[in-house]
Amino acid sequence: MLRALLDEDAPHGDLTTESLPLAGLGSVRFTARADMTLSGVEEAARLFELAGAAADVMRPSGARVATGSLLLQARGRPDALLLAWKAAQTLVESMSGIAGGVRHILDALDAASCTVPVACTRKNFPGTRVFAARAVKDGGGVMHRLGLSESLLVFPEHLLFVAPQQGQQALTELRRRQPEKRLVVEVGSEAEALAAAAAGADVLQLERFAPEALAALRATLQQHGLQVKLAPAGGVNATNAVAYARASADLLVSSAPYWAPPADVKVAFMRSDGA
């Protein structure tokens, strides 16, 4: 995947570098322009190595780093450094932005003494799942789903194609066919939630439930003797995370970190051959 990033940027070589009389050796340093949660720095170092340079990671992914912190340094031929430069910088900035977005939500929860996990959806930009999942982990979050092949999540769109009178039977059969997987069902109303819980759902994904509606649903489920985890989704972010946690959510499902601003990384080149 990292080779593909270099190939995308220079599918037929680096026209500018190959057309200039470059000589000597050089080095490049990545530093943080602002406080950030770091992610992708190991992948960035590997990009420099794949381009033919040597690289050292100065701070690991997952670290909180202060403005001015040295993150990575690479050294080698100028053509190798210039080939990997932008892909490496953009990867660190993008992944650190996601990690920082997760950390922003967790910081809000921590400040309110709430310990609810933050789980990120699979709504990352297509083709970037590996990097997005790594960034979520570096920010302190978990993945809600890595993909369609590893978890059960029944949407209303699935049940649209199941006869109404067979809905609960279909969920029960799904549990039977996939006995090792937890069953998650997305619901949009209290009635749908009660039906899914009665059919054996382990987790109810509450689409666009307000915190007050979540709290009311929890009370109703308890009255019916139904034990199920509640996971609000849709619009969950740092501004409302605490309200959902205090309403008794078991985990928070969010896509917000994927749209967080990228971190800002300064890149400085230097000649190292004394010229």
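To keep things clear, this report deals only with the structure shown in the data block. Treat the numbers as computed from the prediction; the structure is a model and nothing was measured.

### A look at the overall build of the chain
Then, number 1: Looking only at helices and strands, the chain has ten helices and 13 strands in total.
Then, number 2: Structurally, the chain occupies a C-alpha span of about 80 × 40 × 25 Å along its principal axes.
Then, number 3: For the chain, the residues scored as buried account for 45% of the 275 residues in total.
Then, number 4: Nonlocal contacts in the chain, meaning residues at least 24 apart in sequence, comprise 71% of its contacts between residues at least 6 apart.
Then, number 5: Counting every atom, the chain has about 14200 Å² of accessible surface; 54% of that belongs to carbon and sulfur.

### Topic: the nonpolar core
Then, number 1: In terms of nonpolar packing, the biggest core is built from 75 residues, with Phe48, Leu109 and Leu204 touching the most fellow members.
Then, number 2: For this core, the leading source of residues is helix H4 (residues 78–111), giving 13 residues.
Then, number 3: Residues contacting leucine 109, with those up to four places away along its chain left out, are Cys114, Val116, Val118, Ala241, Val242, Ala245 and Leu252.
Then, number 4: Listed in part, the eight residues of the second largest apolar core include Ala119, Val184, Ala231 and Ala233.

### Let's talk about the pattern of salt bridges
Then, number 1: In this structure the tally under the stated criterion is 14 salt bridges.
Then, number 2: Two residues, glutamate 42 and arginine 134, come together in a salt bridge whose shortest N-O distance is 2.8 Å. Placement of the pair is glutamate 42 in helix H3 (residues 41–51) and arginine 134 in helix H5 (residues 129–138), with a sequence separation of 92 residues.
Then, number 3: Under the relative-accessibility criterion, glutamate 42 is labelled partly exposed at 28%.

### Overview of the side chain of threonine 17
Then, number 1: Within the secondary structure, threonine 17 is located in helix H2 (residues 15–18).
Then, number 2: Looking at threonine 17, its side chain comes within polar contact range of the side chain of aspartate 14, at 2.7 Å.
Then, number 3: Excluding residues that lie within four positions of it along the chain, threonine 17 makes contacts with Leu22, Asp79 and Leu82.

### Digging into the packing of aromatic side chains
Then, number 1: Enumeration over the complete set of coordinates arrives at two aromatic pairs.
Then, number 2: On the numbers, 5.9 Å between centres and 70 degrees between planes, the contact of phenylalanine 30 with phenylalanine 48 is edge-to-face. Of this pair, phenylalanine 30 sits in strand S1 (residues 26–32) while phenylalanine 48 is found in helix H3, placing the two residues 18 residues apart along the sequence. Per residue, the accessibility class of phenylalanine 30 equals that of phenylalanine 48, and both read buried.

### Considering unusual backbone geometry
The phi torsion of most residues other than glycine is negative, and most of the peptide bonds are trans.
Then, number 1: If you check the backbone angles, serine 113 has positive phi at about 60 degrees while not being a glycine.
Then, number 2: Tracing the backbone shows serine 113 in the loop between H4 and strand S6 (118–120).
Then, number 3: Even without glycine at this site, arginine 208 takes up a positive phi of about 60 degrees.
Then, number 4: For arginine 208, a relative accessible area of 59% corresponds to the exposed category.

### Focus: a nonpolar patch on the surface
Then, number 1: Taken together, Leu20, Leu22, Leu82 and Phe269 make up a surface patch of nonpolar side chains, about 320 Å² in accessible area.
Then, number 2: Looking at the element boundaries, leucine 22 is found in the loop between H2 and S1.

### What about the sheet that holds strand S13 (residues 265–271)?
Then, number 1: Strand order across the open sheet formed by four strands is S3-S5-S1-S13, with antiparallel pairing between neighbours. Each end of this open sheet is capped by a strand with a single partner; those strands are strand S3 (54–57) and S13. Neighbour-to-neighbour, the strand axes of this sheet turn through a mean angle of 15 degrees, independent of strand direction.
Then, number 2: Looking at chain direction, S1 and S13 are connected through seven bridges and run antiparallel. Its bridge partner lying in S13, glycine 26 is registered against arginine 271.
Then, number 3: The sheet contacts of H4 involve S1, strand S5 (70–76) and S13, and relative to S13 the element is tilted by about 170 degrees.

The rules behind the values
Residues numbered from 1 in each chain as written. Predicted model: local features only at pLDDT ≥ 70, side-chain atom pairs only at ≥ 80, totals over all residues. Heavy atoms only, no water. Helix = DSSP H or I, 4+ residues; strand = E, 2+ residues; numbered from the N terminus. Buried < 20%, exposed > 50% of the residue type's maximum accessible area, 1.4 Å probe, protein only. Contact = heavy atoms within 4.5 Å. Areas by Shrake-Rupley, 256 points an atom, 1.4 Å probe, with all protein chains shown as cover. Core = buried A, V, L, I, M, F, W, Y, C linked by side-chain atoms within 4.5 Å. Salt bridge = Lys/Arg side-chain N within 4 Å of Asp/Glu carboxyl O. Polar contact = N/O pair within 3.5 Å; in protein donor to acceptor, adjacent residues only side chain to side chain. Phe/Tyr/Trp six-rings, centres within 6.5 Å; stacked < 30°, edge-to-face > 60°. Patch = residues over 30% accessible without salt bridge, like charges linked within 9 Å, V, L, I, M, F, W, Y side chains within 5 Å. Pairing = 2+ DSSP bridges. Axes fitted to C-alpha atoms, helices over the stretch in contact; angles between N-to-C directions.

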